[in-house]
Amino acid sequence: MLNVKYFASLRDIVSSDGEQLEANGVGTVGELRDLLAERGGVWAEQLLDGRNLAAVNQQMASAETPVADGDEVAFFPPVTGG
Amino acid sequence: MIRIQHEDFDVAAEYRRLCNRDCGAVVTFSGNVREEKSAGREGDLQALYLEHYPGMTEKALQNIVDQAGQRWSLGGVTVIHRIGEIPVGGQIVFVGVASGHRGEAFAACEFIMDFLKTRAPFWKRERRASGERWVEAKHSDSQKAARWK
């Protein structure tokens, strides 16, 4: 299972702060993103516009970053701290 | 020292804590919630709400501080970032750097802030009379972070 988390405006728009997902056939962040985007609607809008960022096991990730069973994967908007 | 907390902080106390060794130069920065008057119906800014990613935010700040320590010779470094609701005028973030000389202290403090603003997982939400709205990341912040080779 992948432990997926959503933060900030992304969380509000998809109305979920996270979920557990089967890792079947999903080997990278990009593939996970595509899988989630297949839900259509706000999922596709948010995950395919290139704006939101991703992290795997609390390290910044790119589309090519591998994901494996048990990983924590987070999606979130560009940061605005400070 | 890195702290993420709801409570307010005392800049004078943090300054005193910072000065143990290598204190020829101490530079501190405080970021506060700016007043923002609105001419429109939405109303003036009342407060910011700061969200973070527990676990990742701490690691990201430590990574930024470590990078500063590799670039410059530093004594103490303190980064404090608040989370939760902060009213207009309230304090959000503190960065303090102690070093032997002012060049390093100034540069490291600015570096830490530029990287914090583009790489540390925090997100701001504005509260106005009309409701709440997430703040958008600024292109100028990315440009500032990109200056540091």
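What counts as what
Residues numbered from 1 in each chain as written. Chains lettered and ligands numbered in written order. Predicted model: local features only at pLDDT ≥ 70, side-chain atom pairs only at ≥ 80, totals over all residues. Heavy atoms only, no water. Helix = DSSP H or I, 4+ residues; strand = E, 2+ residues; numbered from the N terminus. Rg over C-alpha atoms; globule rule 2.2 N^0.38 Å. Buried < 20%, exposed > 50% of the residue type's maximum accessible area, 1.4 Å probe, protein only. Contact = heavy atoms within 4.5 Å. Areas by Shrake-Rupley, 256 points an atom, 1.4 Å probe, with all protein chains shown as cover. Phe/Tyr/Trp six-rings, centres within 6.5 Å; stacked < 30°, edge-to-face > 60°. Lys NZ or Arg CZ within 6 Å of the ring centre and 35° of its normal.

## Regarding the overall build of chain B
Part 1 of the argument: When helices and strands are counted, chain B shows 4 helices and 8 strands.
Part 2 of the argument: Starting at the N terminus, the α and β elements of chain B follow one another as β-α-β-β-α-β-β-β-α-β-β-α.
Part 3 of the argument: The C-alpha radius of gyration computed for chain B amounts to 16 Å, which stays within 12% of the reference 15 Å derived for 149 residues, consistent with globular compactness.
Part 4 of the argument: Summarising its shape, the C-alpha atoms of chain B cover approximately 50 × 35 × 30 Å along the three principal directions.
Part 5 of the argument: By residue count, 46% of the 149 residues in chain B fall in the buried class.
Part 6 of the argument: Of the contacts made within chain B by residues no fewer than 6 positions apart, 77% connect residues no fewer than 24 positions apart.
Part 7 of the argument: Put simply, chain B shows about 7700 Å² of open surface, and 47% of that area lies on carbon and sulfur atoms.

## Description of the packing of aromatic side chains
Part 1 of the argument: This model, assessed by the stated rule, comprises 12 aromatic pairs over all chains.
Part 2 of the argument: The interplanar angle of 85 degrees and the centroid separation of 5.5 Å between the aromatic rings of B:Phe111 and B:Trp148 together place this pair among those described as edge-to-face. Here the residue B:Phe111 occupies a position in helix H3 (residues 102-119), and B:Trp148 occupies one in the segment after helix H4 (139-146), the gap between them amounting to 37 residues.
Part 3 of the argument: Residue B:Trp148 is classed as buried on the basis of its relative accessible area, which comes to 18%.
Part 4 of the argument: Here the aromatic residues A:Phe7, A:Phe76, B:Tyr53 and B:Trp123 are joined through ring pairs into a cluster of three or more.
Part 5 of the argument: In this structure, A:Arg39 packs its charged tip against the face of A:Trp43, placed 4.5 Å from the ring centre.
Part 6 of the argument: Positioned over the ring face of B:Tyr49 is B:Arg125, at 4.5 Å from the centre of the ring.

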